[in-house]
Amino acid sequence: MGTMNKDELRREALRRRDAIPPEERVVRSAAICSAVVDDESFLSARAVHVYLPFGTEVDIRPLIDVAWGMGKEVGLMRVMEDGGIAHHEIDSGTSYRKGSLGIMEPIEAEPFDLDRCDLVIVPIVAADEEGNRLGYGKGYYDQFLAQHPRPAIGVCFDEQIFDHIPSDEGDIVLDAIYTDRRVIVPEED
């Protein structure tokens, strides 16, 4: 296939992800969740930063339920109208509305205490075995993790792993990537 640029990789990865049948996505998402919740960084985390699944993303709601069940605080990112980022704490009683990007966002949620946040679960469009990740290209997670460095685990379906993702200076490297088939832990340099 030759080398693809970021936009081509993004398109190909989303095409592959969208091609997974919905019922299979549910089963494979659950497998990813049960693997992540056994990870030491999840078990020991006081608070976990998550995302709400959008479109055909890995559905991490089972993992969110486990986190609440273990008494962990759970937070998520909200992109403001002006492009800034806010972090909100969510619980099982939180209500949501569709935001400007079509993503569900919490209504009247408390600020999330990032000082207690020991782990970030990151959605992935495409990634490679070196822990490089492609998101949707807006750079929100790169920005967030550059400002608040802490362990970050990416989750995606195995089809979204490529040989090589071109990375720029501002791109963060994930500590681990969980797919429905394996755990990728990039080698430390």
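The structure contained in this document is the topic of the report that follows. Each chain carries its own residue numbering, running from 1 in the written order of its sequence. Only residues with pLDDT of at least 70 get local features here, since the model is predicted, and only at 80 or more are side-chain atom pairs given and counted; chain-wide, interface and lining totals rely on the full set of residues. Derived side-chain values reflect all non-hydrogen atoms in the structure, with water molecules and hydrogen atoms excluded from consideration.

### What about the side chain of Arg 133?
Move 1: Numbering of helices and strands runs from the N terminus, with a helix taken as a DSSP run of H or I at least four residues long and a strand as a DSSP run of E at least two residues long. Structurally, Arg 133 can be placed in strand β8 (residues 133–134).
Move 2: No salt bridge is formed by the buried Arg 133, whose closest oppositely charged neighbour, Asp 142, lies at an N-O distance of 4.4 Å.
Move 3: Reaching out from Arg 133, the side chain makes a polar contact with the backbone oxygen of Pro 123 at a distance of 3.0 Å.
Move 4: Any two residues whose heavy atoms approach within 4.5 Å at even a single point are treated as in contact. For Arg 133, the residues in contact, after removing those within four places along its chain, are Val 122, Pro 123, Ile 124, Ala 126, Ala 127, Tyr 141, Asp 142, Ile 165 and Leu 174. Type-normalised accessible area, obtained with a 1.4 Å probe on protein chains alone, sets the label of each residue: buried when under 20%, exposed when over 50%, and partly exposed for intermediate values. Counting rule for charge: Lys and Arg are taken as positive, Asp and Glu as negative, and neither His nor the chain ends is counted. For this document, the term salt bridge refers to a Lys or Arg side-chain nitrogen within 4 Å of an Asp or Glu carboxyl oxygen. Polar contacts, as used here, are pairs of N or O atoms within 3.5 Å; protein pairs need one atom able to donate a hydrogen and one able to accept it. Residues neighboring in sequence count only if both atoms are side-chain atoms.

### Re helix α1 (residues 6–18)
Since there are 3.6 residues in each turn of an α-helix, residues three or four apart along the chain are aligned in direction.
Move 1: Given a rise of 1.5 Å per residue, 13 residues ought to cover 18 Å, and the 18 Å separating the end C-alpha atoms of α1 matches this to within 8%.
Move 2: For α1, the complete set of buried residues consists of Leu 9, Arg 10, Glu 12, Ala 13 and Arg 17.
Move 3: Measuring from the backbone nitrogen of Asp 7 back to the side-chain oxygen at the start of α1 gives 3.0 Å, which picks out Asn 5 as the cap. Every helix has an expected span of 1.5 Å times one less than the residues it contains.

### Description of the pairing of strand β3 (residues 85–90)
Move 1: Strands qualify as paired when DSSP identifies two bridges or more between them. Relative to β3, strand β2 (residues 73–79) runs antiparallel, the two being bridged by 6 bridges. If you follow Met 77 over to β3, its bridge partner there is His 87.
Move 2: Between β2 and β3, which pair antiparallel in sequence order, lie 5 residues; one of them, Gly 83, sits at a positive phi of approximately 90°.

### Quick notes on the sheet that holds strand β1 (residues 47–50)
Move 1: One open sheet holds the 7 strands; their spatial order is β3-β2-β1-β6-β9-β11-β12, and the pairing between them is mixed. Where the open sheet ends on each side, the last strands, each with one partner, are β3 and β12 (183–184).
Move 2: With 2 bridges connecting them, strand β11 (residues 176–178) and β12 associate as antiparallel partners. Residue pairing across strands places Ile 177 opposite Ile 184, the latter belonging to β12.
Move 3: Only the stretch in contact is used when a helix axis is fitted, and all axes are lines through C-alpha atoms; the angle between N-to-C directions ranges over 0 to 180 degrees. With respect to the sheet, helix α4 (residues 61–69) is in contact with β1, β2, β3 and β6 (117–123), its orientation differing from that of β2 by roughly 135°.

### Some words on the pattern of salt bridges
Move 1: Scanning the model with the defined rule gives 16 salt bridges in all.
Move 2: The salt bridge partner of Arg 97 is Glu 105, with a shortest N-O separation of 3.6 Å.
Move 3: Shared partners join several salt bridges into a network, and the residues in it are Glu 24, Arg 28, Glu 159 and Asp 180.

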